[in-house]
Amino acid sequence: MAEVILKNVGKSYGTVVAVRDVNLTIADEEFVVLVGPSGCGKSTTLRMVAGLEEITAGVIAIGGKVVNELPPKDRDIAMVFQNYALYQHMTVRDNLAFGLRNRKVPEAEIDKQIAYAVKMLGIEPLLERRPRQLSGGQQQRVALGRCLVRNPKVFLFDEPLSNLDAQLRSQMRLELKELRKRVPTTSIYVTHDQVEAMTLGDRIVVMKDGLVQQVGSPLDLYRRPANRFVAGFIGSPAMNFIDVKVDATDTQATVAADGLSLSFTGQKAATLRAHAGKTVVMGVRPQHLLLDGADASGLVRFAARLSTSEQLGDQQLLDLRVGGTVVRVSGIDPSLTLAEGTELKLGAVPDNVHFFDAEGGQVLTT
Amino acid sequence: MTLSAIDLDHPPKRRLFGERQRFMLLLIAPAAAALAFFQILPIMTGANASFRDWSLHDPQMTWVGFKHYVYVLTDAGFVWTVMPNTIFFMVISVACSLVFGLALALLLNRNFPGRAVVQTILLLPLMVAPVVAAIMIRWMFNDQFGIVNVVLELVGLPGQPWLAQRWTAFSVILFADIWLWTPWFALLLLAGLQSLPREPFEAAAIDGASHWRVFRYLTVPMLRPVMVVCIVIRAIDAFRTFDIVWTISQGGPARSTELFSIYAYIEAFQAMNFARGSAAAMIGAAVIVVLAMIIFRVLNRWAEVSK
């Protein structure tokens, strides 16, 4: 059982910087997900923890021991790779036993560990098969088994589910969650899929261009994104963004764009006042936009014209035009029939409206 | 068009060769013609010759059936010297070049300063004509002027009449062949090594496998298919070796280092008995076909296991 600490960790290839200044403390038994678009440095960070990439700046410690110079085998970690990385010419049993035999564990002990792992993962009947005879999901289980038998301090997952089809992926996601309950081990999980990140992580680290954008619990990230990137990356469908101009008086603040004028009081107004006369970016999630008729008071309201609707069966997604921009609304009653071009009134709870700096994208706070 | 206007019960007959097939045949034709003229025809001529008394002093070309085959197969020299020599040569040459080639490939697969230079130097033998290399090596092992004896005597060891004794001469030939072919193995195995996926090796690094265990349980099994192809190609090729042996020892001393190709050549072009030479060549061809099939079967099973 171990804590993992990353302090000012960086990686550069010559002049190209892949990862910079990552600071992260992962508690014992915590499950942390690194998420971000391709090339954001999440895999590189994981591989530095694994010891597969040299650390060019900063310090990584596992279980209270600095591991910068330690080879992977001495870090007491186990890793699941995206393409499973099974030893194709060995049986499943030998795949599982390989790491233990390398460490000269007695055969009786190996058998015991394998029996434990295969029971946990439900792959007993596959022991004498070779990886190529297995389906993707089965291979992934064997890869997990290879980690389990070793009983390491830390599990590392490098996009383990991205080679599986959508249905199997959600099934394996559940199984991973189940497994986690039974084998609580410190874990770092890399993915580009925000759904995986939200469902699996105790905490999520959002990365972009080698920089950590925000660290927090799934709900934290969803409700209080630190910047425009996190706001757009977390949540599906993605948050709507509209450039608005701020106008403020002593009691209220008004933001305006083509076809839109919203007034805020209280906390929001205080936040906006500091940016009076400037352009900021307003962000509202599609789920947080309510159709006309919602009787709640205190909503900010604006008009929009329907351009397209998408029927999903359980809900409808609407694309609406507000002046020059398109705003997306989700969670609409699927039996509601609306003609294109219909004028609709939209509303939002002021607390669900976010404002970001137009240049840096940082969320505006008082 | 209405449906009734189409005769669905009697679709037009398919032609024997469709447009596509005819085009493909056309493309193959030149190569096929060349193959027929320069490979199949000479082989047929040779086969025909091996059943006749075909020599310059007997222009009758009398049909004699298997006479020459019987002669060759009952020739103690062919059965007890030439064939064992050939197979021994093939096995040792392929085995040694494979081992050395694999070692070189592993070396070149690592990143070290000056790698490109080392690679070029190591691959140099590939660019030398075998006859040139053989002449060079023959002179190195010359018993009076050769550098090898000079060095041996410098360190106080007796010089050897290398090419005047059967096994020393054979060793020199093998040395030349291995020297020539090791880079070929190295090149192909290096290409194989570089095409191996990286992840299993990373998994093994995390799994704590020693260098030896990585080599034994990952590199070799994953490289098996490439090795099989190399071995089969090279074994067939080694079986037919002519130039190096002819240049270094001409099959001597006393025909003791003859391989089957040398035997056939000597019978045909020195004894001027084309028929007997052809028969020897046909027998050799039959042996290598059988051998190659066995080698391929066995090795393929070995490679299958790795898949």
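These numbers were taken from a predicted model, which means no experiment stands behind them.

**Student:** Is there a simple way to explain the overall build of chain A in this structure?
**Tutor:** Secondary structure summary: chain A contains 9 helices and 20 strands in total. Classification of the 366 residues of chain A by burial places 49% in the buried group. For chain A, the proportion of contacts with a sequence separation of at least 24, taken over those separated by at least 6, is 65%. By element, 49% of the accessible surface of chain A is carried by carbon and sulfur atoms, the whole surface being about 16300 Å². Looking at charge distribution, chain A has the averaged site of its 42 positive side-chain charges lying 5 Å from that of its 41 negative ones.

**Student:** Teacher, can you tell me more about the sheet that holds strand β9 (residues 203-208) of chain A here?
**Tutor:** Strand pairing in a sheet relies on backbone hydrogen bonds, with the paired strands running either antiparallel or parallel. Residues and elements named next belong to chain A. Taken in spatial order, the 6 strands line up as β6-β7-β8-β3-β9-β10 in an open sheet, and their pairing is mixed. If you trace the sheet from one side to the other, it starts and ends with β6 (77-80) and β10 (211-216), each paired once. The mean inter-strand angle of the sheet, taken between neighbouring strand axes irrespective of direction, is 15°.

**Student:** Just checking my understanding: could you explain the pattern of salt bridges for this structure?
**Tutor:** Should the charged atoms of two oppositely charged side chains come close, the side chains can pair. According to the stated counting rule, one finds 26 salt bridges over all chains in the structure shown. Note that Arg150(A) and Asp207(B) form a salt bridge whose closest N and O atoms lie 3.2 Å from each other. With Arg150(A) in helix α4 (residues 136-150) and Asp207(B) in helix α9 (residues 199-207), the pair connects residues from two separate chains. Both residues of the pair, Arg150(A) and Asp207(B), belong to the buried class. Across the salt bridge formed by Glu258(B) and Arg255(B), the nearest N and O atoms sit 2.5 Å from each other. Taking relative accessible area as the criterion, Glu258(B) reaches 1% and is therefore assigned buried. Of the residues examined, Arg255(B) reaches a relative accessible area of 39% and is grouped as partly exposed.

**Student:** What is the right way to read the sheet that holds strand β11 (residues 240-248) of chain A from this model?
**Tutor:** Residues and elements named next belong to chain A. The antiparallel open sheet is built from 5 strands, whose spatial order is β13-β12-β11-β14-β20. The strands lining the two open edges of the sheet, one partner per strand, are β13 (260-265) and β20 (353-357). Shown here is a sheet whose adjacent strand axes are inclined to one another by a mean of 40°, direction ignored. Pairing of β11 with strand β12 (residues 252-257), which is carried by 4 bridges, proceeds in the antiparallel orientation.

**Student:** Hey, could you run me through the domain arrangement of chain B in this one?
**Tutor:** When the parts come together, some accessible area is lost, and that loss is often what is quoted as the size of the interface. All names here are of chain B. Its domain assignment divides chain B into domain 1 (18-50) and domain 2 (67-304). Each of domain 1 and domain 2 has a C-alpha centre, and these two points are 31 Å apart. Taken together, both faces of the contact between domain 1 and domain 2 bury some 370 Å²; the carbon and sulfur share is 64%. Our count for the contact surface shared by domain 1 and domain 2 stands at 0 salt bridges. The tally of links between domain 1 and domain 2 comes to 1 residue pair in polar contact (both at pLDDT 80 or more). In terms of residue class, the side of domain 1 that touches domain 2 is made up of 3 nonpolar, 2 polar and no charged.

**Student:** Would you mind showing me how to read the pairing of strand β8 (residues 186-191) of chain A here?
**Tutor:** In the case of a regular strand, side chains alternate between the two sheet surfaces. Residues and elements named next belong to chain A. Among the 6 residues that make up β8, 6 are buried, leaving the element largely enclosed by the rest of the structure. Of the two faces of β8, both are covered, the one formed by Thr186, Ile188 and Val190 as well as the one formed by Ser187, Tyr189 and Thr191. Strand direction decides the pairing type here: strand β3 (residues 31-35) and β8, joined by 5 bridges, are parallel. Within β8, the residue paired with valine 33 across the bridge is tyrosine 189. In this structure, strand β7 (residues 154-158) lies alongside β8, joined through 5 bridges in parallel fashion. Among the inter-strand pairings, phenylalanine 155 is bridged to a residue of β8, identified as serine 187. Between the parallel elements β7 and β8, the chain passes through helix α5 (residues 166-182) in a crossover that is right-handed.

**Student:** I'm lost on the confidence of the model for chain B in this one. Help?
**Tutor:** Reading fine detail from the predicted coordinates is not recommended where pLDDT is low. For chain B, the mean per-residue pLDDT works out to 88, and 97% of the residues sit at or above 70. As a predicted assembly, this complex carries a pTM of 0.81 together with an ipTM value of 0.84.

**Student:** Looking at this structure, how should I read the domain arrangement of chain A?
**Tutor:** All names here are of chain A. One can read the domain layout of chain A as domain 1 (4-233) and domain 2 (240-357). For domain 1 versus domain 2, the separation of C-alpha centres amounts to 39 Å. Facing the 8 residues of domain 1 at the interface are 7 residues of domain 2. Taken together, both faces of the contact between domain 1 and domain 2 bury some 690 Å²; the carbon and sulfur share is 59%. Broken down residue by residue, the surface that domain 1 buries against domain 2 is led by Tyr222, Arg228 and Ala231, which jointly contribute 75%. Summed over the shared surface of domain 1 and domain 2, the result is 0 salt bridges. Secondary-structure elements contributing two or more residues to the side of domain 1 that touches domain 2 are α7 (218-223) and α8 (228-233). In terms of residue class, the side of domain 1 that touches domain 2 is built from 4 nonpolar, 2 polar and 2 charged.

Procedures and definitions
- Residues numbered from 1 in each chain as written.
- Chains lettered and ligands numbered in written order.
- Predicted model: local features only at pLDDT ≥ 70, side-chain atom pairs only at ≥ 80, totals over all residues.
- Heavy atoms only, no water.
- Helix = DSSP H or I, 4+ residues; strand = E, 2+ residues; numbered from the N terminus.
- Buried < 20%, exposed > 50% of the residue type's maximum accessible area, 1.4 Å probe, protein only.
- Contact = heavy atoms within 4.5 Å.
- Areas by Shrake-Rupley, 256 points an atom, 1.4 Å probe, with all protein chains shown as cover.
- Lys, Arg positive; Asp, Glu negative; His and termini not counted.
- Charge placed at Lys NZ, Arg CZ, Asp CG, Glu CD.
- Pairing = 2+ DSSP bridges.
- Axes fitted to C-alpha atoms, helices over the stretch in contact; angles between N-to-C directions.
- Salt bridge = Lys/Arg side-chain N within 4 Å of Asp/Glu carboxyl O.
- Domains from an automatic or database assignment.
- Buried area = accessible area lost by both parts, 1.4 Å probe.
- Polar contact = N/O pair within 3.5 Å; in protein donor to acceptor, adjacent residues only side chain to side chain.
- Nonpolar A, V, L, I, M, F, W, Y, C, P; charged D, E, K, R; others polar.
- Right-handed = clockwise from strand over helix to strand, strands pointing away.
- pLDDT = per-residue confidence, 0-100.

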